[in-house]
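Observations on the model geometry
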Amino acid sequence: MFRLLLRSLRPLSGPPDLLSAGSARSFSGSVPELPAARVRSLFLDFFRQKHRHRLVQSSPVRPRGDPSLLFVNAGMNQFKPILLGTADPRSEMSSYRRVVNSQKCVRAGGKHNDLEDVGRDVYHHTFFEMLGNWSFGDYFKEEACGMAWSLLTEHYGIPADRLYVSYFAGDAGSGLPADEETRRIWLDLGVPPGRLLPFGLKENFWEMGDSGPCGPCTEIHYDHVGGRDAAKLVNGDSPDVVEIWNLVFMQYNREVDQSLRLLPQFSVDTGMGLERLVSVLQGKRSNYDTDLFAPLLHQIHQRSGVGPYRGRTGAADERNVDMAYRVVADHVRTLSVCIADGVHPGMSGPELVLRRILRRAVRFCVEVLQAPQGSLAGLVPTVTHMLGDVYPELHREADRIMDVINENEAQFLSSLQQGSRLILRTLNRKDYKHGVFPASVAWSLHRDLGFPLDLVDLMLEERGVKVDRQELDRLIAEKHQVTSDQQSGVQSQVMLDVLSLAELQRLAVPHTDDSLKYQYSLQQGRYVFPACHATVLALYDGQTLVSEVTEGQPCGVILDHTCFYSEQGGQSHDQGYFTRDGLQDVLYPVEAVVLAGGYVIHQVTAAESLKTGDQVQLHLDQVHRLSCMAKHTATHVLNFALREVLGPSVHQRGSHVSADRLRFDFSVKGSLNVQQLQQVERCVSDIITANQIIHSQELPLQAARCINGLRTVDEVYPDPVRVVSVGLPVSELLEDQTDRQADRQTSVELCCGTLGRRDRCCLRMWTLCQPDCQAPSPLQLTPPIASQRRSESCLML
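Criteria and thresholds
- Each residue is numbered by its place in its chain's sequence as written, counting from 1.
- In view of the model being predicted, local features appear only for residues whose pLDDT reaches at least 70, and side-chain atom pairs are presented and counted only at 80 or more, with totals across whole chains, interfaces and linings using the full set of residues.
- The basis for every side-chain value is the complete set of heavy atoms in the structure, and neither hydrogens nor water enter the calculation.
- Segments assigned H or I by DSSP are reported as helices when at least four residues long, segments assigned E as strands when at least two residues long, and all are numbered from the N terminus.
- Whenever a nitrogen or oxygen atom comes within 3.5 Å of another N or O atom, the pair is scored as a polar contact, on the condition that within protein one atom can donate a hydrogen and the other can accept it, and that pairs from neighbouring residues in sequence are kept only if both atoms are in side chains.
- For two strands to pair, DSSP has to find at least two bridges joining them.
- Lines fitted to C-alpha atoms define the axes here, with helix axes fitted over just the stretch in contact, and angles between the N-to-C directions of these axes take values from 0 to 180 degrees.
- Roughly parallel refers to an angle under 35 degrees, roughly antiparallel to one over 145, roughly perpendicular to one between 65 and 115, and oblique to any angle outside these ranges.
- What makes a crossing left-handed is the near helix being turned counterclockwise from the far one by less than a right angle; a clockwise turn instead makes it right-handed.
- Two residues qualify as a contact provided that any one of their heavy atoms is within 4.5 Å of a heavy atom in the partner residue.
- For this scheme, ten residues count as nonpolar: Ala, Val, Leu, Ile, Met, Phe, Trp, Tyr, Cys and Pro. Four count as charged, namely Asp, Glu, Lys and Arg, and the remainder, Gly too, count as polar.
- We call a set of buried residues a nonpolar core when its members are Ala, Val, Leu, Ile, Met, Phe, Trp, Tyr or Cys and they connect through side-chain atoms within 4.5 Å of each other.
- Three labels apply to residues, based on accessible area from a 1.4 Å probe with only protein chains included: buried if under 20% of the type maximum, exposed if over 50%, partly exposed otherwise in between.
- Using a grid of 1 Å spacing that covers the protein atoms alone, one calls a set of points a cavity when a 1.4 Å probe fits there but cannot get out, and a pocket when the set is open and has protein on both sides within 12 Å along at least five of seven lines; lining residues are those with an atom within 4 Å of a point.
- Grid points are joined across faces, edges and corners, and a volume is the space filled by probe spheres set on the points.
- Salt bridges, as used here, are contacts in which a Lys or Arg side-chain nitrogen is within 4 Å of a carboxyl oxygen on Asp or Glu.
- It is the directions from the helix axis to the C-beta atoms whose arc is reported.
- Any two of the Phe, Tyr and Trp rings considered here, Trp counted by its six-membered ring, make a pair once their centres fall within 6.5 Å; the pair's planes then place it as stacked at under 30 degrees, edge-to-face at over 60, or tilted in between.
- Ring-over charges, as used throughout, are those where CZ of Arg or NZ of Lys falls within 6 Å of the ring centre and within 35 degrees of the ring normal.
- Here, expected helix span is obtained from the residue count minus one, scaled by 1.5 Å.

1. So, the environment of lysine 631
Along the chain, lysine 631 turns up in helix α18 (residues 622–646). There is a polar contact of 3.2 Å between the side chain of lysine 631 and the backbone oxygen of alanine 659.

Listed below in structure tokens is the structure:
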């Protein structure tokens, strides 16, 4: 079997035309089949036109500033700042009340991981689309249920006698009553009592996490068979009775001590998987039999050396041929969407998960479907044809997606050959202990070459050898422990919960004025930072707002003014300390600074008691700030230089600026060679040497987006927004919207960070921070080895 992976690959053949989905049975022959694109648009139009919802575009599958997620895995992910009360009050998001969208979701890796189930059945996917509507403090249960029932039965035409509804039965142990309100609403809508079913916490109570907003939910289930009483099959893992829509009513907040408190503002969060809904409306038991997958399956067959897809599972699926069809069809959709959104196969986090997805798809392509090398990337045009109209980035990035897949496929096949040689060399060693293969070698193959462990087992099994499983399990557990320890340290900050943020608003505590963080100046070659004297407006002890904290107590401090920069936009927070009026010798070190809902929260451990109303003097660590300014300025210059050298295909995917280093993540077609790196260095050095003034100006967001050459990343920007340019005043860029501006090349970005006032200052500070840096080049770009093998690169200073 392994030899098949390494065989000489035959050329592609077969016509490129798409196969339209075949006719499908409908509900008793009375409801016409709806194409998937029409199902999606009907959902969006129903809420947008009929019920005044705002259509919000899908966020990328790479989460925005949420380290708890590998991928966006639910429609509500991009709206978490609203639900948690942390949305910037100046952003468009803070005005959302009624929202509808179709969200790209990936469930692979992490808590929600469907990867190994994909292909084994006919309904699991790593990529899927989640249709959803939301209310943030607007309508609640009655309107949500009424709209859902109307859409399903009147607009989609699903017979009401095929539907069953579950609701929350209550939980005595948690002190939660049954959701009788929702039950009465469904009865009023005409749902028979026998089809209205109570369930407990597991099925009908939704929670965001260990703490945070939560509430009862009600689910609508569909019976594929019909003409019977299927109530006992609801939530019974029956393939005939499936959940199609979940309506969550967020009315509680789960506290750290696991108690529940009512939220100050109730919200509705609903989710309905497009793939399952389409299978219902097209009368299919399998998602893969719908027009979301049929064209892909047809194209896979055209490239394969096996018979057509027949939809078999389990023992009936000889040699796992139909499983391979489903794996490849699902995975190429996931790969296309992720790569278009800037997630590339790599060595850690979501990049590592995507690498496993790609390699799993390659194995099934070559090993089972007997398809030639390049077949997987050859399916991308079909994906873009099917999904590109609703997610236009797929059209824009189609060529790059194919290049990344082809490059990584070739690399994987090469790794298989290298791994095969290493296995044979180990087996032929004189000190080899016959019958047991060293776990350290197997683990190294998997960790360093991405060699699948099950393929190691397969190759060894052919030679009557087994891996030292006990030692291998120990190495895997050790790796998981390291990863868990790293993740556990991510969220160590004192962050206000949604109830405390709402209480601040109720008490009319004003948002923090942090404008002083920008009011530094360059005077005679030295930076001067403003003094800041402030009043303590609120204190947070980790659970609730308090009027006083005592010595040794960790807390969050909210002031009326601050000169400290809160962590955002990829830049680390400022460091420093407070002193209290009348107690100047006692320091309150600031451990972290975060922004939530317009409030800047300074995390401190109280050196002495601290009360609301106390007057404090803020002392900024100027060396730390200057180092961050140098790195942030260099980030802007580097972004511009990369585009100058490599062209407009360069897209920033993220960055991180701290006092000791900067990291710049970007995607580009192909890897950077040494000559290109040297060109980028020269470009950056020339810009710095020119000693240009760095300008900034706050503008309305819409006006800022009109500036030619503006560079942005996927973030939720405030309105108004700060624009930063190098060399040319922002006002000039705004006034000159002609083609002449294109000749006046400059770095111009939306940015909330702190930068130098002149480029040469960046050079001077860089020299101070990097004493070993050789003149005349003040900047050394060091890409990791991985960036030489894939299209997403990371430059570190």
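Text resumes after the structure shown.
2. Quick word on the sheet that holds strand β26 (residues 721–726)
A sheet is described by the order of its strands in space; here 3 strands give the open sequence β25-β26-β27, paired in antiparallel fashion. With partners counted over all chains shown, the strands left at the sheet margins are β25 (694–699) and β27 (748–750), one partner each. Along the sheet, successive strands turn relative to each other by an average axial angle of 20°, direction set aside. Bridging between β26 and β27 involves 3 bridges; their strand directions are antiparallel. Note that in β27 the partner of valine 723 across the bridge is leucine 750.

3. Digging into the packing of helix α13 (residues 398–427) against helix α14 (residues 439–449)
The N-to-C vectors of α13 and α14 enclose an angle of 165°; their axes lie 11 Å apart at closest approach. Considered as vectors, α13 and α14 are oriented roughly antiparallel to each other. Considering how the two elements wind past one another, α13 and α14 form a crossing that is right-handed. Contacts between α13 and α14 involve Ser415, Gln418, Gly419, Leu422, Ile423 and Thr426 from the first element and Val441, Leu445 and Leu449 from the second. Its residues placed into classes, the contact of α13 with α14 shows 5 nonpolar, 4 polar and no charged.

4. Brief notes about the nonpolar core
Phe43, Tyr156, Ile220 and Trp245 are the most contacted members of the largest nonpolar core, which has 118 residues in total. Considering each element in turn, this core owes the most residues, 13 residues, to helix α9 (residues 321–340). Excluding residues within four positions of it along the chain, isoleucine 220 makes contact with Ala148, Leu152, Leu163, Tyr164, Val165, Trp186, Val242, Glu243, Ile244, Trp245 and Leu247. Core analysis: the second largest hydrophobic core is formed by 24 residues, Val637, Leu677, Ile687 and Val724 among them.

5. Observations concerning the layout of surface pockets
The computed volume of the second largest pocket comes to approximately 460 Å³. Around the second largest pocket, the lining is made up of 23 residues, and of these Pro81, Ile82, Gly85, Gln265 and Gln505 lie nearest the centre. Elements represented by at least two residues in the lining of the second largest pocket include exactly α3 (80–84), β9 (260–273) and α17 (498–506). Taken together, the residues of the lining of the second largest pocket sort by class into 14 nonpolar, 8 polar and 1 charged.

6. A look at the environment of lysine 284
Within the secondary structure, lysine 284 sits in the loop between α7 (274–281) and α8 (294–303). Residue classification places lysine 284 among the buried residues on the basis of a relative accessible area of 14%. Expressed as a C-alpha distance, the spacing of lysine 284 and histidine 224, which sit 60 residues apart in the sequence, is 8.6 Å.

7. Brief notes about the pattern of salt bridges
Summed over all chains, the structure comprises 27 salt bridges. Ionic pairing is found between arginine 254 and glutamate 207, a salt bridge with its closest N-O pair at 2.8 Å. Within this pair, whereas arginine 254 is found in strand β8 (residues 241–254), its partner glutamate 207 is found in strand β6 (residues 205–207), the two being separated by 47 residues in sequence. With a shortest N-O distance of 4.0 Å, aspartate 614 and lysine 611 are connected by a salt bridge. With relative accessibility at 12%, the residue aspartate 614 sits in the buried group. Here the salt bridges do not stand alone but share partners, grouping Lys104, Asp341 and Glu393 into one network.

8. Let's talk about helix α15 (residues 453–461)
Listing the buried residues of α15 in full gives Leu453, Leu455, Val456, Met459 and Leu460. The arc that holds every buried residue of α15, seen down its axis, measures 155°, which confines them to one face.

9. Describing the packing of aromatic side chains
Throughout the structure, instances matching the rule amount to 19 aromatic pairs. Here phenylalanine 140 and phenylalanine 266 contribute two aromatic rings whose centre-to-centre distance is 5.0 Å and whose plane-to-plane angle is 35°, an arrangement assigned as tilted. Of the two residues, phenylalanine 140 is situated in the loop between β3 (127–136) and α4 (141–155) and phenylalanine 266 in strand β9; the sequence distance between them amounts to 126 residues. The class for phenylalanine 140 is buried, based on a relative accessible area of 15%. Taking the relative accessible area as the measure of exposure, phenylalanine 266 reaches 30% and is therefore partly exposed. Three or more aromatic residues joined by ring pairs make a cluster, and in this case those are Phe43, Phe46, Phe47 and Trp245. The aromatic ring of tyrosine 164 is capped on one face by arginine 195, whose charged end is 4.5 Å from the ring centroid. Over the aromatic face of tyrosine 518 sits the side chain of arginine 722, whose NZ or CZ is 3.9 Å from the ring centroid.

10. Let's talk about the pairing of strand β14 (residues 532–540)
The element β14 is largely enclosed, with a buried count of 7 among its 9 residues. In terms of strand pairing, β14 meets strand β22 (residues 615–620) through 4 bridges, oriented antiparallel. Bridge pairing in β22 places alanine 534 opposite valine 616. Pairing geometry for β14 and strand β17 (residues 554–559), over 4 bridges, is antiparallel. Bridge assignment links tyrosine 540 to a residue of β17, and that residue is glycine 556. As defined by bridge partners, β14 adjoins strand β15 (residues 545–546) across 2 bridges and the pair is classed as antiparallel. By the bridge assignment, tyrosine 540 is partnered in β15 with leucine 545. What sits between the antiparallel neighbours β14 and β15 is a turn of 4 residues, in which glycine 542 has the positive phi angle 105°.

11. As for helix α10 (residues 349–368)
If you check α10, its first and last C-alpha atoms are 28 Å apart, about what 20 residues at 1.5 Å a residue would give, namely 28 Å. For α10, the tally of buried residues reaches 18 of 20 residues, placing the bulk of the element in the interior.

12. Things to note about the pairing of strand β7 (residues 212–223)
The buried count for β7 comes to 12 of 12 residues, which makes it a mostly enclosed element. Where strand β4 (residues 163–168) and β7 come together, 4 bridges link them in antiparallel fashion. For valine 165, the partnering residue across the bridge sits in β7 and is isoleucine 220. Where β6 lies against β7, 3 bridges are found, and the strand directions are antiparallel.

Nothing here speaks to function; it is geometry throughout.
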